[in-house]
Amino acid sequence: MGGCVSVQVSCDQLLNHLGRCFCRKLYYIQNIKENLTSLEEAMEDLKALRADLLRKVQTAEEGGLQRLHQIKVWLKRVKTIESQFNDLDSSRTVELQRLCCCGVGSRNLRLSYDYGRRVFLMLNIVDDLKSKGIFEEVAHPATRAVGEERPLQPTIVGQETILEKAWDHLMDDGTKIMGLYGMGGVGKTTLLTRINNRFCDTDDGVEIVIWVVVSGDLQIHKIQKEIGEKIGFKGVEWNQKSENQKAVDILNFLSKKRFVLLLDDIWKRVELTEIGIPNPTSENGCKIAFTTRCQSVCASMGVHDPMEVRCLGADDAWDLFKKKVGDITLSSHPDIPEIARKVAQACCGLPLALNVIGETMACKKTTQEWDRAVDVLTTYAANFGAVKERILPILKYSYDNLESESVKTCFLYCSLFPEDDLIEKERLIDYWICEGFIDGDENKKGAVGEGYEILGTLVCASLLVEGGKFNNKSYVKMHDVVREMALWIASDLRKHKDNCIVRAGFGLNEIPKVKDWKVVSRMSLVNNRIKEIHGSPECPKLTTLFLQDNRHLVNISGEFFRSMPRLVVLDLSWNVNLSGLPDQISELVSLRYLDLSDSSIGRLPVGLLKLKKLMHLNLESMLCLESVSGIDHLSNLKTVRLLNLRMWLTISLLEELERLENLEVLTIEIISSSALEQLLCSHRLVRCLQKVSVKYLDEESVRILTLPSIGDLREVFIGGCGMRDIIIERNTSLTSPCFPNLSKVLITGCNGLKDLTWLLFAPNLTHLNVWNSRQIEEIISQEKASTADIVPFRKLEYLHLWDLPELKSIYWNPLPFPCLNQINVQNKCRKLTKLPLDSQSCIVAGEELVIQYGDEEWKERVEWEDKATRLRFLPSCKLVLYNR
């Protein structure tokens, strides 16, 4: 038949091939001792060769010569192989003890084969280095780079550490291109200037240093013109050449030189080949360094380990500010130094602000002037003349370069939150969707993805900072000076300051006086002390009203909501003393987002059920709430959050939720077996589940908890339950993840469970907490997991195990744990004597694993996989005592 191919292999050929493979592997094992001895001798020879070479180099350098670049490369390779040899030699005893049958066999063939192969390959590398370590010449006459020393500010503080780090990184033979990124005004150009000047003062073989300011208007011919002038290409003939011809000339010239190219202030990828820049390599010793405000630009330039230039710490910031103000002014009145510290703190470590404001205050010698500066800078810094004229325009350039108006609008929205506030990413994206900045009408997943893309853009542009407490990537925050810039822009550069009223964290006791409510589009009164809200302001343009975290708020009058026809977002969360809402909330006919979480409201007003455009309703942690009956009247609801309520979730309420045809996101708490059964049988609700809490179900009501696949599930809490097991539905494929988005799991007080093997099917789990469950013996059961070929916990970052007296095993074999940052073993986990780690675990995590333990004897009882594992992780063990 056409298309069929017959392949015949003789039995002898197959046996010969298998025999060769087996013999080769056996060779590595049988010759471990002999090869180790040869490797030790070869390393001794290599070290002696290096010592002789270094003596020659030292003599030459004392005579004013400079070591050859190839010498540097060879010495670096020797240093690398020496480190690898020490690592290999550290496990020598363990590996030799593993051999058996007079050295021709092993108790673990795979481990011995791997070790023997590494020894053999390293021996070949060392022999190769020895053969290449004979140099006729070791040095040449020193050359000083041709370049221009650039002017620097007379006062520079706090850059010494990062300057040395950047210099060492750039001069490393493995670095070809270095990227420095950070927010505007943080000192990137100053740092690059210091690197430029160090090259000009150093005899290190660099022949030419070229400085080019690129800026946002990237034009190839302008960059070529600057480079051409530096290397001698000038005149009419050069100017008349095409960009391609100029690129060829530059390439031919620089290919014969060891050059350093410094590009300041780039905003997008610079096509180096189009300019004519040769590729820097270890062989030619050339370097390129650049500065940018955008982290994404670093990646586009092929730099995947860029260096972030950050704001100064408190001590360095104060030191810089003092020097800019001067001792004469600071000593002109005994109270000024203390007030000056407050002014410096308002700059939040940004060198640009410290320099500009420090210079401005240098002539202010009365306490009244300094008090005024504190007042202006901590309320609305744009009113401070030097800030508006010299700082905000520089920072605004980052805003101007954002890719679209929607991204700019999303950025300005972040200024509604208080200074230093941690903003939850998902909450922020929900705001943006309801405000209409992101189209959420068709696809919730796509809209959320677009939101994360916008956040990524803002972080890469250094306009937002990612990470909160414990470096939690679920949050972003805005630098205070960037926030002032955003408020300045939102008020149309202060021309229409009442458009956006932000008084977050001001300690207000009442709603602020507003000159003209009719022009107000957004108002943020977060984190104040407002007790009552009265009046009937006419707000035809108001779309956003943030009133959250006013913990003294007890009453809002019905008249207040009467004239807000365009209000889209109303946030009343964390008003813990607010016990009711007026029926006039029904007047908010455009409302899409309503957050009442963590308030003391007992009954939802009837008027709330008339909000037909409402898309997002958050009622979480409303411990006084009696009922949410009638929720199905809100037919446009897409997100309903009902976690942590004291009211029982009834079957009738579940039926109402099922009738919400547009529902996409549901968070819910279950405390009855009938409600749990109803929930898990509803395909519509299961599809929407994002967070679920299951509490207080005894063994009689739910002996075995059977979970279906839940694609959007993010967090699971199971507490105080008596079930004996948690399993996956039989009709679910065991080869595909049942919970692809599940990231956080907390199990506590579940005394019937013996294992949590179902977690195999949560491949993106990042946080696992298991507490106070006295029968759990294994996290993953070896017996149950035998049918599933899955390596668990590839995304796990935090593992907390507390009060588990029967726990013996997390997993039976070492796991890679590429993301794991912390293991916490506390209180009565005495039977857990081995962790699933080996010397190759946690290699990719980026940070050293921290192993916290609460029993002083536990560390001594731990059994490690081998000596290398013990040496690697024992120093990471820290005694930490918690009182829960």
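Residues numbered from 1 in each chain as written. Predicted model: local features only at pLDDT ≥ 70, side-chain atom pairs only at ≥ 80, totals over all residues. Heavy atoms only, no water.

In the nomenclature of an unreviewed UniProt entry, the protein is known as Leucine-rich repeat of Arabidopsis suecica. Among the UniProt annotations of the protein, the heading Sequence similarities (unreviewed entry) holds the following wording: "Belongs to the disease resistance NB-LRR family." (UniProt positions renumbered as here; feature names shortened; annotations may be inferred.)

## Focus on the confidence of the model for the protein
Do not read the fine detail of predicted coordinates wherever pLDDT is low. Model confidence for the protein is summarised by a mean pLDDT of 88, while 93% of its residues fall at 70 or above. Within the model, the stretch residues 1-9 combines pLDDT values under 50 with one contact to residues more than four positions away or in other chains. (pLDDT = per-residue confidence, 0-100. Contact = heavy atoms within 4.5 Å.)

## Thoughts on unusual backbone geometry
Phi angles above zero are rare outside glycine, and N772 is one such case at about 50 degrees. By the element assignment, N772 lies in the loop between β28 (767-771) and β29 (798-802). Positive phi is not limited to glycine here, since D803 has a value of about 55 degrees. Tracing the backbone shows D803 in the loop between β29 and β30 (822-826). (Helix = DSSP H or I, 4+ residues; strand = E, 2+ residues; numbered from the N terminus.)

## Quick look at the layout of surface pockets
Taken as a whole, the second largest pocket spans an internal volume of roughly 1100 Å³. Contributing to the lining of the second largest pocket are 31 residues, with Y181, E308, V309, R310 and V465 lying nearest its centre. If you tally residues by element for the lining of the second largest pocket, the top one is helix α6 (residues 160-171), at three residues. Here the lining of the second largest pocket is composed, by residue class, of 14 nonpolar, eight polar and nine charged. (1 Å grid on protein atoms, 1.4 Å probe; cavity = no way out; pocket = protein on both sides within 12 Å on 5 of 7 lines; lining within 4 Å. Points joined across faces, edges and corners; volume = space filled by probe spheres on them. Nonpolar A, V, L, I, M, F, W, Y, C, P; charged D, E, K, R; others polar.)

## Regarding empty space enclosed by the protein
If you walk through the whole model with that rule in mind, you get eight cavities of 30 Å³ or more. By volume, the largest cavity amounts to about 100 Å³. For the largest cavity, the lining is made up of 13 residues, of which L680, V692, V694, L705 and L707 are closest to its centre. Class assignment for the residues of the lining of the largest cavity results in 13 nonpolar, no polar and no charged. Volume-wise, the second largest cavity comes out at about 80 Å³. In this structure, the second largest cavity is lined by D430, I433, C434, G440, K444, M615, H616, K638, T639 and E664.

## Observations concerning the packing of α6 against helix α7 (residues 188-201)
How two helices pack is summed up by the angle between their axes together with the distance between the axes. Look at α6 against α7: their axes get within 10 Å of each other, and the N-to-C directions meet at 60 degrees. In terms of their interaxial angle, α6 and α7 are classed as oblique. With respect to the hand of their crossing, α6 and α7 are arranged in right-handed fashion. On α7, the residues that touch E160, I162, L163, E164, A166, W167, L170 and M171 of α6 are L191, R194, I195, R198 and F199. (Axes fitted to C-alpha atoms, helices over the stretch in contact; angles between N-to-C directions. Parallel < 35°, antiparallel > 145°, perpendicular 65-115°, else oblique. Left-handed = near helix turned anticlockwise from the far one by under 90°.)

## Some points on the packing of aromatic side chains
In this structure the tally under the stated criterion is 21 aromatic pairs. Aromatic pair W167 and F199: ring centres 4.7 Å apart, planes at 50 degrees, arrangement tilted. Here F199 lies in helix α7 and W167 lies in helix α6, a separation of 32 residues in the sequence. By relative accessible area, which is 0% here, F199 ends up buried. For the pair Y431 and Y593, a centre-to-centre distance of 4.8 Å together with 45 degrees between the ring planes defines the contact as tilted. Taken together, the residues span a long stretch of sequence, with Y431 in helix α20 (residues 425-435) and Y593 in strand β19 (residues 593-595) at a distance of 162 residues. By relative accessible area, Y593 is classed as buried at 1%. An aromatic cluster is built from Y413, F417, Y431, F437, F546 and Y593, whose rings are joined through pairwise contacts. (Phe/Tyr/Trp six-rings, centres within 6.5 Å; stacked < 30°, edge-to-face > 60°. Buried < 20%, exposed > 50% of the residue type's maximum accessible area, 1.4 Å probe, protein only.)

## Some words on the pattern of salt bridges
Once the charged atoms of two side chains with opposite charge are near each other, the side chains can pair. Under the criterion given, the structure shown has 43 salt bridges. A salt bridge links K408 to E405, with the shortest nitrogen-to-oxygen separation between them at 3.6 Å. In this pair, K408 and E405 are both assigned in helix α19 (residues 405-413), three residues apart and thus about one turn of the helix distant. In this structure, E626 engages R603 in a salt bridge whose closest nitrogen and oxygen atoms are separated by 3.2 Å. Highlighted residues: E626 in the loop between β20 (616-618) and β21 (639-642) and R603 in the loop between β19 and β20, separated in sequence by 23 residues. For E626, a relative accessible area of 52% gives the class exposed. When salt bridges with common partners are traced through the structure, they connect R830, D855, E857 and R861 into a single cluster. (Salt bridge = Lys/Arg side-chain N within 4 Å of Asp/Glu carboxyl O.)

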